[in-house]
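# Coordinates in review
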Amino acid sequence: MPARLVLSAKNYTQTSVQLKVPLTAAQAVQIHIDMYITTNSLNTALSPATAGGTLPARNLYAGFVSAQPKAGDTEIDVYGWDVPTYGTKVVGQIPQTEQSSLDTVFSHYTEPTVFLGGGAAATAFAHNWFFQVNTHDLLPSDTNRSLIRQLTPLEIDLDFTDGSSDPAPPDRSVLWTGINMNAGNKPDALTTNSHQFYMGGVINHHLIIDGGCGNWDLEANGVFIPNAFCGTGTSQAAQISQEWQQRADDTNTMRFVLWNQKGNPDAEGWKSVVSHLGLIVDGSVQQSGSPLADGGSAEGDIEFDQGGLYGGLSLCGYASNCGLTVDGAGAVSIPLQVLQSPKGVNIGTGGVFGLTTKGSSSVQLYPTDAGDWLVGTQVSGGGSIRGLNGIYANSGSFGGTLTASSETISGALTAGSIATTSLNSNGINIGTGQILTTTSKGGYSTQLYANDSGDWIIGTQVAGGANIRGINGMYANSATLESGLTTPKATVSDTLKAGTITTTNLQSSGINIGTGAIYALTSEGTNGAQLYSGDAGDWVVGTQVAGGANLRGVNGFYGNSLTITGTASAVSFMESLTTPVSGHANCTTGQFTDDANYHYVCVAANHWRRVALSDF
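Residues numbered from 1 in each chain as written. Predicted model: local features only at pLDDT ≥ 70, side-chain atom pairs only at ≥ 80, totals over all residues. Heavy atoms only, no water.

## Description of the nonpolar core
In a soluble, globular protein the nonpolar side chains are often hidden away together inside. Basically, it comes down to this: Here, nonpolar core means buried Ala, Val, Leu, Ile, Met, Phe, Trp, Tyr and Cys residues that are tied together by side-chain atoms lying within 4.5 Å of each other. We call a residue buried when its accessible area falls under 20% of the maximum for its residue type, exposed when it is over 50%, and partly exposed in between, using a 1.4 Å probe and counting protein chains only. Here a strand is any run of E in DSSP of at least two residues, a helix any run of H or I of at least four, and the numbering for each starts at the N terminus. A contact between two residues is defined here by any heavy atoms of the two lying within 4.5 Å.
Ranked by size, the top nonpolar core spans 16 residues in total, and within it Leu-7, Val-17, Ile-31, Ile-76, Val-114 and Leu-116 carry the most contacts. Top contributing element to this core by residue count: strand β1 (residues 5–13), with four residues. When residues no more than four places from it in sequence are discounted, the contact partners of Leu-7 are Leu-19, Leu-23, Gln-27, Ile-76, Pro-112, Thr-113, Val-114 and Leu-116. Of all hydrophobic cores here, the second largest spans seven residues; its members include Ala-238, Ile-240, Trp-259 and Ile-280.

Here's what the structure looks like:
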């Protein structure tokens, strides 16, 4: 695969190679227009990456011969200097000639060198068929010189004949191998992206295989695709579509097979066919017929339209014992004899979900005709719904007493009485007038119950009451107490009603206490200060009789708008510097503002006047 010519270069320009030695007549005649020419000069501005196991990225300037040279020429005209694949496509590039820019990967010349033809390219061809089509001949005219529309670069035909009568040849008397390719005897020398066959280009069909029934469309190591167009019918009960194989410990063949079978014999057309996708151990791959025709053990598979379940699928053991099925509507079914599951499955009213025998007790979980789930037997009696950490149920009914250290019931619980050491619930509807819990501490008997009005009452249903007490204080969404409420800390998220409130630490995000009601009262020295709401709905600081006090924050006064009817005095006033857009910008009489140059005063509605500011 040598280059046709290897020539020493003295320099390069945008459009030429300047040679160290003039061309001989024998050299000049070998150079043609558009011949590929490659240098040993790198584009040092590029750093193309190379994937492991593949050829190094070829960072070499190349171009094309633009004119036919003659003997004695010291230049070869060139166009299109760039680095193929990795280049910038910028016009006017010039290969470099410095020693540091010369190639040491594909060659190791110590001076600028050019390669023309053959080995100058990145690829060598034993045969390279190249078609040139005159597009004028593809347009109907009175000057067409060709009627060809189909191009077939290579056609290989086999024809048996003796020149006259063409007798039939003996069966199986010729081995036809078509096209053979072998990558050679040194596989380690090949890059990891080497291949035997490549089909490129933008085309609708890269490969068309047109075989007959019983032929292999593809037969590879571990992959088999027969011509399955014949399909199933009256003369053939099964046909594989594809098969993939792998060896297991060099003792068994694992065959993953997709095949069709006449599994619904009473139906016709597609409804008579059951499609299988599953595992077969051992046996031989079949071009036609059942994949089990030459032995093998069918393992589990997925079956489509099995047993007339059209639009559905089934999970089947040994390609015959089907358990879990999903019909075309998405409903899941499990045969009773194979039902084993720890989770809820809709199996229909009256079907037993689980059956177990422990000791002398036989326990079932089953649905009744009314749609309820029952624990026990379908005849009589019942058992506990028991979890690892207690008793669990969405709804529970007990005629006697339910006793446990921990019960969790998310729906309704009905029982004669409940005894527990730890009652936890997110809302239990116990009905009006029913006692939720009763406890005795010291000499007091305390109950939490609902009255006829739907209120929760603490105390007894006869008279009196007790405190609603939390670990860190008193908590209630709404609390009404006839006497005083006294606590070091009280938190009420809605409305608090009481005769008096005494607290050392009152904290609330907005408490509606009504007009005229005192929010807070404190005395410091001889001053009595109150915060209360006035008849107009305003908050007032001072007393309800006369006078007022300061509304003071840690760092000053706070408010969105502050209106003072008397005199406002302070150490200093600050405002944001703004400039009216014009002398007739919107303003209110008496309004003023400033910027870095002027003081502006609104002397009448929408009429500004200004005075200049100066340094001092």
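Picking up where we left off.
## Focus on the packing of aromatic side chains
Aromatic rings considered in pairs are described by the distance between their centres and by the relative angle of their planes. To be explicit about the condition: Each Phe, Tyr or Trp ring, with Trp reduced to its six-membered ring, pairs with another whose centre is within 6.5 Å; inter-plane angles below 30 degrees give stacked pairs, above 60 give edge-to-face pairs, and intermediate values give tilted ones. Throughout this description, the term charge over a ring refers to an Arg CZ or Lys NZ atom that lies within 6 Å of the ring centre and within 35 degrees of the ring normal.
Inspection of every chain in the model, using the stated rule, returns eight aromatic pairs. Here Tyr-109 and Phe-115 contribute two aromatic rings whose centre-to-centre distance is 5.8 Å and whose plane-to-plane angle is 70 degrees, an arrangement assigned as edge-to-face. Put simply, the rings of Tyr-36, Phe-64 and Tyr-79 touch in pairs and so form one group of aromatic residues. Between the NZ or CZ atom of Lys-271 and the centre of the ring of Tyr-310, over which it lies, the distance is 5.3 Å. Positioned over the ring face of Tyr-598 is Arg-610, at 3.9 Å from the centre of the ring.

## Quick look at the sheet that holds strand β34 (residues 592–594)
Where we set the bar: Only strands that DSSP links by at least two bridges are regarded as paired with each other. Note on geometry: axes are lines fitted to C-alpha atoms, helical ones only across the stretch in contact, with angles between N-to-C directions running from 0 to 180 degrees.
On the basis of which strands lie adjacent, the open sheet formed by three strands has the order β34-β35-β36 and antiparallel pairing. Both edges of this open sheet fall to β34 and β36 (607–612), since each of them pairs with a single strand only. The sheet shows a mean angle of 25 degrees between the axes of neighbouring strands, taken without regard to direction. Bridging between strand β35 (residues 598–604) and β36 involves six bridges; their strand directions are antiparallel. Directly across from His-599, in β36, lies its bridge partner Val-611.

## Overview of unusual backbone geometry
Although it is not a glycine, Asp-282 adopts a positive phi angle of roughly 65 degrees. A relative accessible area of 27% means that Asp-282 is categorised as partly exposed. With phi around 65 degrees, Asp-305 is a residue other than glycine that occupies positive phi space. Examined against the element boundaries, Asp-305 turns out to sit in the loop between β12 (297–304) and β13 (313–317).

## Section: the state of the cysteines
Note the threshold: Our working definition of a disulfide is a cysteine sulfur pair at a distance within 2.5 Å.
One pass over the full model with this rule turns up two disulfides. One disulfide in the model links Cys-316 with Cys-322; its S-S distance is 2.0 Å. Around the S-S axis, the bridge from Cys-316 to Cys-322 shows a dihedral of about 95 degrees and counts as right-handed. Across the disulfide, Cys-587 is cross-linked to Cys-602 (sulfur-sulfur distance 2.1 Å). Every disulfide takes its handedness from the sign of the S-S torsion; for Cys-587 and Cys-602 that torsion is 65 degrees, giving right-handed. Taken together, the residues Cys-587 in the loop between β33 (539–542) and β34 and Cys-602 in strand β35 connect sequence positions 15 residues apart.

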